[in-house]
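Listed below are the residues making up each chain.
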Amino acid sequence: MKKTVKDVNWAGKTAVMRCDFNVPLKDGKITDDTRIRAALPTINYLIDDGAAIVIMSHLGRPKGKAVPEMSLAPVAKRLSEYLGKEVKLVASDVVVDDTVKAAAKALKGGEVMLIENVRYRAEEEKNDPEFARELSELGDIFVQEAFGTSHRAHASTTGIADYIPAVSGFLIEKELKFLGEAVNDPERPFAAIMGGAKVKDKISVITSLLNKVDILIIGGGMAYTFFKAQGYSIGKSLLDEEGIGLASDILKLAEEKGVKFLLPVDVVASYDFANDSPYDVYPVDSIPDDRMGMDIGPATIKLFSDTLKTAKTVVWNGPVGVFEMENFAVGTKAVAECLAELDATTVIGGGDSAAAVTQFGLADKMTHISTGGGASLEFLEGKELPGIAIIEDK
Ligand code: ADP
Ligand code: MG
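Residues numbered from 1 in each chain as written. Chains lettered and ligands numbered in written order. Predicted model: local features only at pLDDT ≥ 70, side-chain atom pairs only at ≥ 80, totals over all residues. Heavy atoms only, no water.

Visitor: Just checking my understanding: could you explain the sheet that holds strand β12 (residues 266-270) for this structure?
Guide: Whenever strands of a sheet pair, they do so through backbone hydrogen bonds, lying parallel or antiparallel. As summarised here, the arrangement of the 3 strands in space is β13-β12-β14, forming an open sheet in which the pairing is antiparallel. Strands with a single pairing partner mark the edges of an open sheet, and in this sheet they are β13 (279-283) and β14 (292-296). Strand after strand, the sheet turns through a mean of 40 degrees between neighbouring axes, direction not considered. Here 4 bridges tie β12 to β14, and the two strands are oriented antiparallel to one another. Looking at β14, one finds that S270 is bridged to M292. Against the sheet, helix α9 (residues 298-308) engages β12, β13 and β14, with an angle of about 40 degrees to β14. (Pairing = 2+ DSSP bridges. Helix = DSSP H or I, 4+ residues; strand = E, 2+ residues; numbered from the N terminus. Axes fitted to C-alpha atoms, helices over the stretch in contact; angles between N-to-C directions. Contact = heavy atoms within 4.5 Å.)

See the structure below:
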């Protein structure tokens, strides 16, 4: 078990907290503040327990220099509104300087300040020890609350813990509970659904999942590389050419391991990657050359749903169709509805899968929606995430 903010007596101490406030901005305005709201329980806990709080985050990709459009100023403003107290952005083009250090030192219990986008410094992503030390000088204890970047060893996610003790916030605690239980101690049958478009990234995850799951379901853009490996023609569908060999290996391995491995049996295919492109349903062995697979078909929806109904734990990463287009959202919606009704632990990982579930209004019907796409995948693969490894054990 990892230490959390509850394992510290915060009176007289300053927390240096790493949040994921990489929020979407349009014309300087925040278009979705989910990530800010998600951090409020931990911040409020720290305030109530008497901590002074210095918050840091990245935003966008400023590539190691100060870019005013990627300033955290809009975040400071929104956070002030939610907390009902002023959160000052102590801005510096170099993120930490003497003024920033003095402001952190002067902070009293219950006060909150934000420092500028840590990626204004190239040293951040290089996990530069000197920059990590500068960040650590802003407080006494590091609070890790940015799951989405915890698979990267950066100065503000990992390096800082070489200088001060690290504990987790409540978001991280929840990620570790649900993802950890799914990976290490799932109630069985344990099913994983893998879909989406990042075939290259995900095909290796499937190999390690075969050692853990009872049922593995493949959908989305992912499926066509497997169809190709089975010798079917896939028309203009998404293909990871280099992944074909690995897909064959996976098919064999699944059989050896006795994992129930389900691919779509029919697909909805259109001429072009567009919602208004005419479409039809085809069995997977007869996709015409001028078509591309956009969604799973009705027989597949039934097959997947019937199988998922037997599961007690389900991990879902990647939509099973191009859900952003109404005509091709049917399969993804059906899978989301199926999971919503299950009497099982349901964990959603991946940015687009989470967006899909939210779009269908089913987010609160899932056990856990992970805030980290890449991080949740690496976790499922069984890798140790550097930003998690540094959190002290109880
Ligand atoms: P996540 O963010 O959940 O990890 P990915 O980023 O891997 O998922 O993939 C999400 C994208 O996959 C979505 O934009 C969706 O439109 C796309 N997608 C799903 N099915 C297909 C398909 N058959 N062909 C092409 N793209 C697909
Ligand atoms: Mg994605």
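Visitor: It is not clear to me how the nonpolar core should be interpreted in this structure. Could you clarify?
Guide: Side chains of nonpolar character tend, in soluble globular proteins, to be buried together. Grouped together as the largest cluster of nonpolar side chains are 43 residues, with contacts concentrated most on M194, I206, L216, I218, F226 and F261. For this core, the elements supplying multiple residues, two or more each, are α5 (170-184), β9 (190-194), α6 (199-209), β10 (215-218), α7 (223-229), α8 (244-257) and α12 (373-380). Sorting elements by how many residues they give to this core places α5 first, with 6 residues. With residues near it in sequence (within four places) discarded, M194 still touches K202, V205, I206, L209, L216, I217, I218, G219, M222, N317, G318 and L377. (Core = buried A, V, L, I, M, F, W, Y, C linked by side-chain atoms within 4.5 Å. Buried < 20%, exposed > 50% of the residue type's maximum accessible area, 1.4 Å probe, protein only.)

Visitor: Got a minute to help me understand the pattern of salt bridges in this structure?
Guide: Side-chain pairing between opposite charges can occur once the charged atoms of the two side chains come close. Summed over the entire model, instances satisfying the criterion amount to 26 salt bridges. Salt-bridge contacts for K394 lead to D7; the nearest nitrogen and oxygen are separated by 3.6 Å. With K394 in the segment after α13 (386-389) and D7 in the segment before β1 (14-18), this residue pair connects regions lying 387 residues apart in the sequence. Assessed through its relative accessible area of 38%, D7 is described here as partly exposed. (Salt bridge = Lys/Arg side-chain N within 4 Å of Asp/Glu carboxyl O.)

Visitor: I would appreciate a short explanation of the site of ligand 1 in the present structure.
Guide: Lining the immediate surroundings of ligand 1 are 20 residues, of which A197, K202, E324, D352 and S353 lie closest. A distance of 3.5 Å separates an oxygen atom of ligand 1 from a polar atom in the side chain of N317. Burial of ligand 1 by the surrounding chains reaches 90%, relative to a free accessible area of 580 Å². Broken down by secondary-structure element, the contributors of at least two residues to the shell around ligand 1 are β14 and α11 (351-359). For the shell around ligand 1, the leading source of residues is α11, giving 3 residues. Per-class residue counts for the shell around ligand 1 are 6 nonpolar, 10 polar and 4 charged. (Near = heavy atom within 4 Å. Polar contact = N/O pair within 3.5 Å; in protein donor to acceptor, adjacent residues only side chain to side chain. Areas by Shrake-Rupley, 256 points an atom, 1.4 Å probe, with all protein chains shown as cover. Nonpolar A, V, L, I, M, F, W, Y, C, P; charged D, E, K, R; others polar.)

It is worth stressing that arrangement in space is one thing and function is another; only the former is reported here.
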